[in-house]
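Structural description and commentary
Letter by letter, the chains look like this.
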Amino acid sequence: MKDLYETAAGNRDFIQARCQAGASGGEILEKYRSKIVEQFYPARGEAKLRLGEARKAIRDYRKATGNLPGTAELLMTYVEQGAEFTHDYGDIDERFYDSVESALDELATLLLTKRGEYIRS
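Residues numbered from 1 in each chain as written. Predicted model: local features only at pLDDT ≥ 70, side-chain atom pairs only at ≥ 80, totals over all residues. Heavy atoms only, no water.

Focus on the overall build of the protein chain
The secondary structure content of the protein chain amounts to six helices and zero strands. Scanning the protein chain from its N terminus toward the C terminus, one meets helices and strands in the order α-α-α-α-α-α. For the protein chain, with 121 residues in total, the buried portion stands at 33%. Contacts in the protein chain between residues far apart in sequence, at least 24 positions, make up 56% of those at least 6 positions apart. Accessible surface, the protein chain as shown: approximately 7,800 Å² in total, 52% of it carbon and sulfur. (Helix = DSSP H or I, 4+ residues; strand = E, 2+ residues; numbered from the N terminus. Buried < 20%, exposed > 50% of the residue type's maximum accessible area, 1.4 Å probe, protein only. Contact = heavy atoms within 4.5 Å. Areas by Shrake-Rupley, 256 points an atom, 1.4 Å probe, with all protein chains shown as cover.)

A few points about unusual backbone geometry
The backbone phi angle of Leu 49 is positive, close to 50°, even though this residue is not glycine. Topologically, Leu 49 is positioned in the loop between helix 3 (26–40) and helix 4 (51–65).

Description of the nonpolar core
Counting residues in hydrophobic clusters, the biggest one holds 23 residues, and the most contacted among them are Ile 36, Phe 40, Leu 49, Leu 74, Tyr 78 and Phe 96. Taken together, the elements giving at least two residues each to this core come down to helix 3, helix 4, helix 5 (68–89) and helix 6 (94–111). If you tally residues by element for this core, the top one is helix 5, at six residues. With residues up to four places along the chain from it excluded, the contact list for Leu 74 reads Leu 29, Tyr 32, Arg 33, Ile 36, Ile 58 and Tyr 61. (Core = buried A, V, L, I, M, F, W, Y, C linked by side-chain atoms within 4.5 Å.)

Considerations on helix 5
Helix length check: helix 5, at 22 residues, gives a terminal C-alpha distance of 31 Å against a target of 32 Å (1.5 Å per residue), a fit within 8%. Residues Gly 70, Thr 71, Ala 72, Leu 74, Leu 75, Thr 77, Tyr 78, Val 79, Gln 81, Gly 82 and Phe 85 constitute the buried set of helix 5. The N-capping residue of helix 5, defined by a side-chain oxygen 2.7 Å from the backbone nitrogen of Gly 70, is Asn 67. Phi turns positive, to about 85°, at Gly 90, one or two residues after helix 5. (Expected span 1.5 Å × (residues − 1). Polar contact = N/O pair within 3.5 Å; in protein donor to acceptor, adjacent residues only side chain to side chain.)

A look at the side chain of Arg 33
Within the element layout of this structure, Arg 33 appears in helix 3. Residue Arg 33 is classed as buried on the basis of its relative accessible area, which comes to 17%. At 2.8 Å, the side chain of Arg 33 forms a polar contact with the side chain of Thr 77. When residues no more than four places from it in sequence are discounted, the contact partners of Arg 33 are Glu 73, Leu 74 and Thr 77.

Honestly, that's just the spatial picture; any functional story needs more than this.
Below, the structure is given as structure tokens:
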């Protein structure tokens, strides 16, 4: 386990998220949220707009924690960042809008449970 943890940052993030799965979010949620924001508005340089990396962060968080409210927050972050990005930079390509729409659809589906009730954090 120690070797796996030390091998790659992705492994560390997954293990930390899995160990803190019962937590309401906090530091781990913010770490994944920053991975999403970084794809739209990097701290340095221009955005490369790697939407796949942002969506991967959401999938990795959900797989590691199973935390539905946190996953919903990350999906909403993705949608908000997409809306802000297109507002700041103008019209983007169809792939961009399809990805943002897909995230919004996933969020809507996630919010409804099998009994038709909304999840609560």
